[in-house]
Amino acid sequence: MRNQRWAMTLCLGLGVCLSGAATAQTPVQPAHALQGRIWDTRTQQFISEPVLYQRAVAARYVLLGEKHDSEAHHARQLDVLRGMAALGAQPALAMEQLDAEHQGALSRAQSAGQTDAEALADAGQLNRKGWRWPMYKDLIAFAAQRQWPLRAANLSRAEARKIALGEVKPVLPAATPTQLEALENDVVQGHCGHRPEPARLAGIVAAQRARDARMAQVLDAVAGPVVLIAGAGHVRSDRAVPRYLAAPDQALTIALVETVAGKTAPADYDRAGFDVLWFTEPGEVRPDPCATPLPGLAAPAAKPLVPSTPSPNPKP
């Protein structure tokens, strides 16, 4: 994405140089007012990157919420890692993209001195197709080259499926009705406005909560500071990973947010559960996942939906 911006800058420079000879120029769309800016939701003011990095270094847990397919989001995540490293931090890097059952192989590879991101992705059995590799390659490489421990943070797909189908009942802390309703609405939105039957809905919500609880467990198992790379829906302190941490007050939750035309103020975006919003350019044009009716779901949800930012896991 940065290369694209550099190319655009070069083109604009050439346009100015040749303006005396050109007869017409294509209008240039101005950048979004929020693009590249960082909003502190607690102080209600914009902050600089150095201030953000200082806050990240001071935190026990740094949770970086993303849209999985956004190159800009992965670039900003790498900026955070670089900023923390420049201040002397040496955190572990935990990733939703790696299933916890493969931690042993991943640790053995690092202990043997492996720093190649491709080899480490193999050791952790990262699903390259599902996670659109090489989108996470630079993050893994940066951490590995500095000998930061890599942590596989996610519940496996097989485990999550058993919970969703009701075959396994996870032991989880009690959730409030408000939290459960928000999680149910996340599921309904993920099903294009259709509400699964109650038992199925409860199973899917339980699986989502189990994923969050597993990620929190992995973070707590790290003795020192740790950074989590996960979908934005997983890092919300109001209903996701931070709720299960041993010391949630020591967590810094950062949501990377794509700007939307017409939404020019931080108040126009979902801020609940996030300490910081870092605004980026929009990602690629995505196909409408609801253009084709979902099988087995004929009626839309009767209950109105509460706006949220769910983070569906990619399906291998």
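Conventions and cut-offs
- Residues numbered from 1 in each chain as written.
- Predicted model: local features only at pLDDT ≥ 70, side-chain atom pairs only at ≥ 80, totals over all residues.
- Heavy atoms only, no water.
- Salt bridge = Lys/Arg side-chain N within 4 Å of Asp/Glu carboxyl O.
- Helix = DSSP H or I, 4+ residues; strand = E, 2+ residues; numbered from the N terminus.
- Buried < 20%, exposed > 50% of the residue type's maximum accessible area, 1.4 Å probe, protein only.
- Disulfide = S-S within 2.5 Å.
- Pairing = 2+ DSSP bridges.
- Axes fitted to C-alpha atoms, helices over the stretch in contact; angles between N-to-C directions.

Draft legend 1. Summary view of the pattern of salt bridges. Evaluated as defined, the whole model comprises 16 salt bridges. For arginine 132, the salt bridge goes to aspartate 69, with nearest N and O atoms at 3.7 Å. You can see arginine 132 sitting in the loop between helix H5 (117–123) and helix H6 (137–145) and its partner aspartate 69 sitting in the loop between strand E3 (61–66) and helix H3 (71–86), a full 63 residues away along the chain. Residue arginine 132 is classed as partly exposed on the basis of its relative accessible area of 36%. The class for aspartate 69 is buried, based on a relative accessible area of 17%. A salt bridge links glutamate 118 to arginine 128, with the shortest nitrogen-to-oxygen separation between them at 2.8 Å.

Draft legend 2. Structural view of the state of the cysteines. Evaluation of the coordinates by the stated rule reveals one disulfide. Each disulfide pairs two cysteine sulfurs, and for cysteine 192 the partner residue is cysteine 290, the sulfurs being separated by 2.1 Å. Taking the sign of the S-S torsion, -90 degrees for the link of cysteine 192 and cysteine 290, the bridge is left-handed. Linking cysteine 192 in the loop between helix H8 (177–190) and helix H9 (198–220) with cysteine 290 in the segment after strand E8 (276–280), this pair joins segments that are 98 residues apart in sequence. The class for cysteine 290 is partly exposed, based on a relative accessible area of 35%.

Draft legend 3. Up close: the sheet that holds strand E7 (residues 251–258). Spatial ordering of the open sheet is given by E2-E1-E8-E7-E3-E6-E4-E5, a layout of eight strands whose pairing is mixed. One side of each edge strand has no neighbouring strand; the edge strands of this open sheet are strand E2 (45–47) and strand E5 (150–154). The average undirected angle you get between the axes of adjacent strands in this sheet is 30 degrees. With three bridges connecting them, strand E1 (residues 38–40) and E2 associate as antiparallel partners.

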